[in-house]
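# Structural features, examined
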Amino acid sequence: MVKYYVFSGLFALVMVGVAAQLIHNRRQRRRARAAKPKAEPAVAHATGPAARPAASPTEAPFDPEATRIHFRPAPANGHAAPPTRVEAPLPKGAIAKLVCVGGHLKGQSFPVTDAGITVGRDPQSTIVLTDHRVSHQHARLDIVDRKVVLHDLDSTNGTFLNAHLSALVHEVVLCPDDTIFFGGHGGDQFRFVVH
C-alpha cells in the first residue's frame, strides 16, 4: 500500500512539472510572437562573412540543444526558387569537403568527389545519419562547372542553409563556411570547407 502512495505522489509531481513546463513554453512562445518582426524573408540570401546580416535584438540566439522539426509544405508550383548566392568556382587543385561540426559524426570530414556524395539514413549513403528527421535519401552534393551544388532530394523535413532555419533549400551552390542542417537543427550540423 505504501508503494502505491509513493508511486502516486511521484506521478503527481511529474505531472505538475510537465504542466508547469508547458505553461512556461506557451508564455515564451507568446512573448516571442509579440516581439517577432512582421515580415520574414522567404528565401535564404547571399551569405558569407561580409554578406551575413547582423542578428536583430529581438531574434532568439541559436540554441544547438533545441529541437525544431520542419515539415516541408507542398509547393504551389514546383520547388521554391533557389536562393540568390554569390557563386564562385572552386580554385584549381582545391579539395571541397563537408565537415561535421555537431552531432554524432562530429569531427569527421567527407570530401566531395567528382562522382558526388549522398546524405541520408540509407546505409548506402556516403554520409549515413541516424536522425529520424533525415529522409532515407535526403540530399546530394555534386561538382558542376567547378562549383559544389547541394540538392535536396525532396526530403520530408527539408535541408537548411546557415541561420535561415525557416527557409527550405532545394538546390544551391555552396560557398566556403556555409553551414548545412539536414532535417532541421538540433541534429548533425555540417560546414562546407574548401582547402
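Next up on the list: the overall build of the chain. Counting secondary structure elements, the chain contains one helix and ten strands. Starting at the N terminus and walking to the C terminus, you meet the elements of the chain as α-β-β-β-β-β-β-β-β-β-β. The buried share of the chain, reckoned over its 195 residues, is 33%. Of the contacts formed within the chain by residues at least 6 apart in sequence, a portion of 54% connects residues at least 24 apart.

Overall, antiparallel pairing links the five strands, which are arranged S2-S1-S10-S9-S7 in an open sheet. Either end of the sheet is taken by a strand with one partner, and the two such strands are strand S2 (109–111) and strand S7 (159–161). Averaged over all pairs of adjacent strands, the angle between their axes in this sheet comes to 25 degrees, without regard to strand direction. Note that strand S1 (residues 96–102) and strand S10 (residues 189–194) share six bridges and pair antiparallel. Its bridge partner lying in S10, Lys 97 is registered against Val 193.

On the surface, Phe 7, Phe 11, Val 14, Met 15, Val 18 and Leu 22 cluster together into a nonpolar patch covering about 610 Å² of accessible area. Here Val 18 is to be found in helix H1 (residues 2–35).

Across the sheet, five strands lie side by side as S4-S3-S5-S6-S8; this open sheet has mixed pairing. The open sheet has two free edges, formed respectively by strand S4 (127–128) and strand S8 (171–173), since each of these has just one partner strand. The sheet contact formed by strand S3 (residues 117–120) and S4 spans two bridges and is parallel. The partner of Val 119 across the bridge, within S4, is Ile 127.

Another aspect to go through is the packing of aromatic side chains. Enumeration according to the criterion identifies four aromatic pairs in this entry. Centre to centre, the rings of Phe 7 and Phe 11 are 6.3 Å apart; their planes meet at 20 degrees, and the pair counts as stacked. Here the residue Phe 7 and the residue Phe 11 both occupy positions in helix H1, the gap between them amounting to four residues, near one helical turn. Owing to a relative accessible area of 57%, Phe 7 belongs among the exposed residues under this scheme. Centroid distance Phe 182 to Phe 190: 5.6 Å. Interplanar angle 65 degrees. Geometry classified as edge-to-face. Overall, the relative accessible area of 2% leaves Phe 182 in the buried class. An aromatic cluster is present here, built from Phe 110, Phe 182 and Phe 190 joined pairwise through their rings.

Below, the discussion takes up the confidence of the model for the chain. In the predicted model, the chain carries a mean pLDDT of 80, and the fraction of residues at 70 or more is 74%. Every residue in residues 40–55 is under pLDDT 50, and counting partners more than four places away or in other chains gives 25 contacts. In this model, residues 75–83 is a region of pLDDT below 50 whose contacts with residues beyond four sequence positions or in other chains number ten contacts.

Quick look at the pairing of strand S6 (residues 147–152) now. Of all six residues in S6, five are buried; the element is thus mostly enclosed. Summarising the sheet, strand S5 (residues 139–144) and S6 pair through six bridges and their orientation is antiparallel. By the bridge assignment, Ile 143 is partnered in S6 with Val 148. In this structure, the hairpin formed by S5 and S6 is closed by a connection of two residues, where Asp 145 is found at a positive phi of approximately 50 degrees. The sheet contact formed by S6 and S8 spans three bridges and is antiparallel. Paired with Val 149 across the bridge in S8 is Val 173.

Cut-off values and rules
Residues numbered from 1 in each chain as written. Predicted model: local features only at pLDDT ≥ 70, side-chain atom pairs only at ≥ 80, totals over all residues. Heavy atoms only, no water. Helix = DSSP H or I, 4+ residues; strand = E, 2+ residues; numbered from the N terminus. Buried < 20%, exposed > 50% of the residue type's maximum accessible area, 1.4 Å probe, protein only. Contact = heavy atoms within 4.5 Å. Pairing = 2+ DSSP bridges. Axes fitted to C-alpha atoms, helices over the stretch in contact; angles between N-to-C directions. Patch = residues over 30% accessible without salt bridge, like charges linked within 9 Å, V, L, I, M, F, W, Y side chains within 5 Å. Areas by Shrake-Rupley, 256 points an atom, 1.4 Å probe, with all protein chains shown as cover. Salt bridge = Lys/Arg side-chain N within 4 Å of Asp/Glu carboxyl O. Phe/Tyr/Trp six-rings, centres within 6.5 Å; stacked < 30°, edge-to-face > 60°. pLDDT = per-residue confidence, 0-100.

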